[in-house]
Amino acid sequence: MQSIINSFVPEFRVNAYHNGRFTTVSNKDIEGKWAIFFFYPADFTFICPTELVDMAEKYDDFKRMGVEVYSVSTDSQFVHKAWHDTSESIKKIKYPMLADPTGFLSRAFGVMMESEGMAYRGTFVVSPEGRIKLVEIQDNSIGRNAEELLRKVEAAQFVASHDGEVCPAKWKRGDKTLRPSIDLVGKI
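A quick note: this is a predicted structure, and the numbers were derived from the prediction, not measured.

## Some points on the side chain of Ser106
Point 1. Structurally, the position occupied by Ser106 is in helix H3 (residues 104-108).
Point 2. On the basis of relative accessibility, which here comes to 0%, the residue Ser106 falls in the buried class.
Point 3. Excluding residues within four positions of it along the chain, Ser106 makes contact with Phe39, Thr74, Asp100, Val111, Met112 and Ala119.

## Considerations on the nonpolar core
Point 1. By size, the foremost hydrophobic cluster in this structure holds 26 residues, and its most contacted members are Ile36, Leu52, Met55 and Phe62.
Point 2. Mapped by element, the contributors of at least two residues to this core are strand E3 (34-39), helix H1 (47-64), strand E4 (67-73) and helix H4 (146-161).
Point 3. Among the elements that line this core, the one with the most residues is H1, at six residues.
Point 4. Discounting chain neighbours no more than four positions away, the residues touching Leu52 are Phe38, Tyr40, Ser71, Trp83, Ile90, Ile93, Tyr95 and Met97.
Point 5. Counting 19 residues, the second largest nonpolar core, distinct from the first, contains Val9, Phe12, Ala35 and Val126.

## Focus on H1
Point 1. In this model, H1 (18 residues) spans 27 Å end to end at C-alpha, consistent with the 26 Å of a helix rising 1.5 Å per residue.
Point 2. Of all the positions in H1, only Cys48, Pro49, Glu51, Leu52, Val53, Met55, Ala56, Lys58, Tyr59 and Phe62 are classed as buried.
Point 3. Buried residues along H1 sit in contact with E3, E4, helix H2 (77-86), strand E5 (97-99), strand E8 (121-126) and H4.

## Let's talk about the environment of Lys187
Point 1. Its location among the elements puts Lys187 in the segment after H4.
Point 2. You can call Lys187 exposed: its relative accessible area is 66%.
Point 3. C-alpha separation for the pair Lys187 and Gly110, spaced 77 residues apart in sequence, amounts to 38 Å.

## Notes on the packing of H1 against H4
For any two helices packed against each other, one specifies the inter-axial angle together with the distance between the axes.
Point 1. Orientation of H1 relative to H4, taken along the N-to-C sense of each, is 30 degrees, at an axis distance of 9 Å. As far as their axial angle goes, H4 and H1 are roughly parallel. For the crossing formed where H1 meets H4, the hand is right-handed. On H4, the residues touching Asp54, Met55, Lys58, Asp61 and Phe62 of H1 are Ala146, Glu147, Leu149, Leu150 and Val153.
Point 2. Looking at side-chain class alone, the contact of H1 with H4 contains six nonpolar, no polar and four charged residues.

## Describing the packing of aromatic side chains
Given two aromatic rings, one states the distance between the centres and the angle between the planes to describe the pair.
Point 1. For the structure shown, the criterion picks out 12 aromatic pairs.
Point 2. Judged by centre distance (4.8 Å) and plane angle (65 degrees), the rings of Phe109 and Phe124 are edge-to-face. Of the two residues, Phe109 sits in the loop between H3 and strand E6 (112-113) while Phe124 sits in strand E8, which places them 15 residues apart along the sequence. Considered together, Phe109 and Phe124 belong to a single accessibility category, that of buried residues.
Point 3. By way of ring pairs, the aromatic residues Phe12, Phe37, Phe39, Tyr70, Phe109 and Phe124 are connected into one cluster.
Point 4. The cationic tip of Arg144 hangs over the ring face of Phe38; the distance from NZ or CZ to the ring centre is 3.7 Å.

Conventions and cut-offs
- Residues numbered from 1 in each chain as written.
- Predicted model: local features only at pLDDT ≥ 70, side-chain atom pairs only at ≥ 80, totals over all residues.
- Heavy atoms only, no water.
- Helix = DSSP H or I, 4+ residues; strand = E, 2+ residues; numbered from the N terminus.
- Buried < 20%, exposed > 50% of the residue type's maximum accessible area, 1.4 Å probe, protein only.
- Contact = heavy atoms within 4.5 Å.
- Core = buried A, V, L, I, M, F, W, Y, C linked by side-chain atoms within 4.5 Å.
- Expected span 1.5 Å × (residues − 1).
- Axes fitted to C-alpha atoms, helices over the stretch in contact; angles between N-to-C directions.
- Parallel < 35°, antiparallel > 145°, perpendicular 65-115°, else oblique.
- Left-handed = near helix turned anticlockwise from the far one by under 90°.
- Nonpolar A, V, L, I, M, F, W, Y, C, P; charged D, E, K, R; others polar.
- Phe/Tyr/Trp six-rings, centres within 6.5 Å; stacked < 30°, edge-to-face > 60°.
- Lys NZ or Arg CZ within 6 Å of the ring centre and 35° of its normal.

Here it is in structure tokens:
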């Protein structure tokens, strides 16, 4: 199995539901900015709305950091709209909800469950150059935490703009970083 880390996001063009209208989103839309692709199994389910609302509650923080969030499921844009219209929780979502009914994006990112026709919970942070910098894929019975993802995006942005520095475990903005060198070997 080949790693997806540092690979480029594939060319794509999909339908989406965003801010009360249908639109299209393509790989061209993410050029030059940070992006999060947040795959989930399906609309009208159980854990998914808790995760999407958690992301919605942190969306302004991500936007302040120059990050666009894209939720993705194998549902159509019509199902996304119906879910948005019927769920008080999902009405809080302001980020684009991408429709992947063919499974193209889910397969391209390696999260498609072929036997189920839906995606695993997969989180991908993409740099402004279009490279995947962070990947988390987990079983669909385990929900994610937007606060932790926010911290990881801050770390990814920090190392991207501070050549030669790395962020240790639990690093938060303002904490000390490390400069890997032979002098650190065995001293941490």
